[in-house]
Amino acid sequence: MAAGMDLLGATPYEQALVDQWSFFAATELFPNALRVWVSAIGMRPFNDEVPAALDKLRRALKAAEAYLAAHGHFVAGKLSFADMALFGALRPTFALMFGPEFRAEVPKLTAFVAEFAAKPEAVAVYGEFAFAERTSSSSRSKHSFT
């Protein structure tokens, strides 16, 4: 990271946004995505938790999409800890589960993931990133974003 980069926000408002989006990633995205991922990759059988978690994940993704559509960024148009937390929660979701048809429904969020994944710092930490080529069977059809 560049010297002097303020990842936690430069103003109280930016600091509040960092907190908000970091907690959003930790409480809305990651736990619901994890319930779906473990089914999608076969670690646990599909059960009644999966559709409920997918619905919660869908609502969370739509909320993040709407925010990005209105604001263009999560925190002040610069890299922040919130971006890292969000990408950390979204990366496996977009790599394992959501094919092109799902990603088309959240284009701003998809662009965020692609742009973050391409940053040299992200590649150094996470390695190369590739989007899922198709939507996993655990997250198909009746669980569309629309």
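Below is a summary of the structure that appears in this document.

**Observations concerning the layout of surface pockets**
As a volume, the largest pocket reaches approximately 300 Å³. Lining of the largest pocket is provided by 15 residues; of these, G72, H73, D83, F112 and E115 occupy positions nearest its centre. For the lining of the largest pocket, the element with the most residues is helix α5 (residues 107-118), which contributes five residues. When its residues are assigned to classes, the lining of the largest pocket shows seven nonpolar, three polar and five charged.

**So, the nonpolar core**
Ranked by internal contacts, the top residues of the largest apolar core, which has 38 residues, are W21, L29, F74, L109 and F112. Among the secondary structure elements, those contributing two or more residues to this core are α1 (12-40), α2 (49-71), α3 (81-96) and α5. In this structure, L109 is in contact with L61, A64, E65, L68, F74, L90 and F94, ignoring residues within four places of it in sequence.

**Thoughts on the pattern of salt bridges**
Throughout the structure, instances matching the rule amount to three salt bridges. A salt bridge links E14 to K78; the shortest N-O distance between them is 3.3 Å. Residue E14 is found in helix α1, and its partner K78 is found in the loop between α2 and α3; the two are separated by 64 residues along the sequence. What makes K78 partly exposed here is its relative accessible area of 37%. One salt bridge in this structure joins D55 and R58, with 2.7 Å as the shortest N-O distance. Note that D55 and R58 are positioned in helix α2 at a spacing of three residues, about one turn of the helix.

Rules and cut-offs
Residues numbered from 1 in each chain as written. Predicted model: local features only at pLDDT ≥ 70, side-chain atom pairs only at ≥ 80, totals over all residues. Heavy atoms only, no water. 1 Å grid on protein atoms, 1.4 Å probe; cavity = no way out; pocket = protein on both sides within 12 Å on 5 of 7 lines; lining within 4 Å. Points joined across faces, edges and corners; volume = space filled by probe spheres on them. Helix = DSSP H or I, 4+ residues; strand = E, 2+ residues; numbered from the N terminus. Nonpolar A, V, L, I, M, F, W, Y, C, P; charged D, E, K, R; others polar. Core = buried A, V, L, I, M, F, W, Y, C linked by side-chain atoms within 4.5 Å. Buried < 20%, exposed > 50% of the residue type's maximum accessible area, 1.4 Å probe, protein only. Contact = heavy atoms within 4.5 Å. Salt bridge = Lys/Arg side-chain N within 4 Å of Asp/Glu carboxyl O.

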